[in-house]
Amino acid sequence: MSEPDGKPSRREQILAAAADLFARAGFGGVSVGDIGSAVGISGPALYKHFPGKEAILTELLVGISEELLREGRSRVAAADGDPEAALRALVDWHVSFALDHPALITIQSRDLDRLAESERRRVRGLQHDYVETWVDVLCRRSPGLDAQRARAAAHATFGLLNSTPHSARVGRAEMTRLLHDMAVAALGAATGVPAQRVL
C-alpha cells in the first residue's frame, strides 16, 4: 500500500526493484543484497519486509495473477451482458497489462517454476480462471463456438500481447492501438466473427 502522500511504500519499492532485477538477471542471478541496494537499504534490512527473495517472487506472480483476474471480471461485469463490449474491455485490459508490466511477463515465463508447488498451483488456478473469463465472453459473442477453440484462441491472443517485452516499440498510444487491432483481428479470424464488429 502506498504512503499517505501517494509515494510508494518501502514494500512496493522492493517489489518494483525486484521485478526489474529478476527480469534482467533472472531470479537466480539476483541476491537479497542486490534488491536492497536498488532501494537504498541493506540486505538484512529487507528481511523486515519479506522473509527472502522467494517470498518476493511469490508476491509478484500471485499478485499480478490476482489482478489480471479481478480486473478482467470487473470489466466484463461493467459491459452489462454485451459480449462485444466485454471483449473490447478484455482486450483493452490485457493490452494495458502487457505494456505496463513487461518485467512481470518475463518473470512469469522464466521463473514460475521457482515458486513452491502450492504457490505454482495457486498461480495456475488464477490463470485458468482468467482464461475461462475470456472463453465465456467469446462463446457468448459467437454462439456455437466450441469452447476448446475459444480457449485456444484466448491463449494465442495472450501470446501475441505478452510478446511486447520483446517487441520493437513505437509510442505508447500507437502501440496500444496496434496491439488492440491485432488482437481483435486474430480473435475474429479464430471465432468466425469479423474484426470490424468488435472495433
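Since the model is a prediction, treat every value here as computed from it, not as a measurement.

## Points about the overall build of the chain
Thinking step 1. Counting its regular elements, the chain contains nine helices and zero strands.
Thinking step 2. Across the chain, helices and strands are ordered from the amino to the carboxyl terminus as α-α-α-α-α-α-α-α-α.
Thinking step 3. Across its three principal axes, the chain shows a C-alpha extent of roughly 55 × 40 × 35 Å.
Thinking step 4. Burial statistics for the chain: of 199 residues in total, 44% are counted as buried.
Thinking step 5. Long-range pairs, those at least 24 residues apart, make up 67% of the contacts in the chain with a sequence separation of at least 6.
Thinking step 6. Only carbon and sulfur atoms are counted for the fraction: they give 52% of the accessible area of the chain, which is about 9900 Å².

## Digging into the pattern of salt bridges
Pairing between side chains of opposite charge can happen when their charged atoms approach one another.
Thinking step 1. Tallied over the entire structure, the rule returns 12 salt bridges.
Thinking step 2. The residue Glu 132 makes a salt bridge to Arg 151 at a minimum N-O spacing of 2.6 Å. Of the two residues, Glu 132 sits in helix α7 (residues 117–141) while Arg 151 sits in helix α8 (residues 147–161), which places them 19 residues apart along the sequence.
Thinking step 3. Overall, Glu 132 belongs to the partly exposed group, its relative accessible area being 23%.
Thinking step 4. Between Arg 140 and Asp 136 there is a salt bridge, and its shortest N-O distance comes to 3.1 Å. Taken together, the residues Arg 140 and Asp 136, both in helix α7 and four residues apart, mark about one turn of the helix.
Thinking step 5. Residue Arg 140 is classed as partly exposed on the basis of its relative accessible area of 34%.
Thinking step 6. What makes Asp 136 partly exposed here is its relative accessible area of 40%.

## With respect to the domain arrangement of the chain
Thinking step 1. Along its sequence, the chain is organised into domain 1 (7–51) and domain 2 (54–191).
Thinking step 2. Summing both partners gives a buried area of about 1100 Å² for domain 1 against domain 2, and 75% of it is carried by carbon and sulfur.
Thinking step 3. The interface formed by domain 1 and domain 2 holds one salt bridge in total.
Thinking step 4. Across the pair Arg 11 and Glu 59 runs a salt bridge, and its minimum N-O distance is 2.6 Å.
Thinking step 5. Across the contact surface, domain 1 and domain 2 share four residue pairs in polar contact (both at pLDDT 80 or more).
Thinking step 6. The dominant element in the side of domain 1 that touches domain 2, judged by the number of residues it contributes, is helix α1 (residues 10–25), at nine residues.

## A word on unusual backbone geometry
Thinking step 1. Of note, the phi angle at Asp 80 is positive, near 55°, even though the residue is not glycine.
Thinking step 2. With respect to the secondary-structure elements, Asp 80 resides in the loop between α4 (53–78) and α5 (83–100).
Thinking step 3. Assessed through its relative accessible area of 69%, Asp 80 is described here as exposed.

## Details of the UniProt feature "DNA-binding region" (unreviewed entry) in the chain
Thinking step 1. Under the present numbering, the feature "DNA-binding region" (unreviewed entry) in UniProt falls on residues 31–50.
Thinking step 2. End-to-end, the C-alpha atoms of residues 31–50 are 13 Å apart, and along that stretch the chain is 55% helix and 0% strand.

## Looking at α5
Thinking step 1. Between its first and last C-alpha atoms α5 spans 25 Å; for 18 residues at 1.5 Å apiece the expected length is 26 Å, and the two agree.
Thinking step 2. Among the 18 residues in α5, 13 count as buried, and that is most of the element.
Thinking step 3. By the N-cap criterion, in which a side-chain oxygen at the helix start approaches the backbone nitrogen of a residue two or three places on, α5 is capped by Asp 82, the distance to Glu 84 being 3.0 Å.

## Some points on the side chain of Ser 65
Thinking step 1. Following the sequence through the fold, Ser 65 ends up in helix α4.
Thinking step 2. Polar side-chain contacts of Ser 65 include one of 2.9 Å to the backbone oxygen of Leu 61.
Thinking step 3. Among all residues touching Ser 65, those that are not within four sequence positions of it are Val 123, Leu 126 and Gln 127.

Conventions we followed
- Residues numbered from 1 in each chain as written.
- Predicted model: local features only at pLDDT ≥ 70, side-chain atom pairs only at ≥ 80, totals over all residues.
- Heavy atoms only, no water.
- Helix = DSSP H or I, 4+ residues; strand = E, 2+ residues; numbered from the N terminus.
- Buried < 20%, exposed > 50% of the residue type's maximum accessible area, 1.4 Å probe, protein only.
- Contact = heavy atoms within 4.5 Å.
- Areas by Shrake-Rupley, 256 points an atom, 1.4 Å probe, with all protein chains shown as cover.
- Salt bridge = Lys/Arg side-chain N within 4 Å of Asp/Glu carboxyl O.
- Domains from an automatic or database assignment.
- Buried area = accessible area lost by both parts, 1.4 Å probe.
- Polar contact = N/O pair within 3.5 Å; in protein donor to acceptor, adjacent residues only side chain to side chain.
- UniProt positions renumbered as here; feature names shortened; annotations may be inferred.
- Expected span 1.5 Å × (residues − 1).

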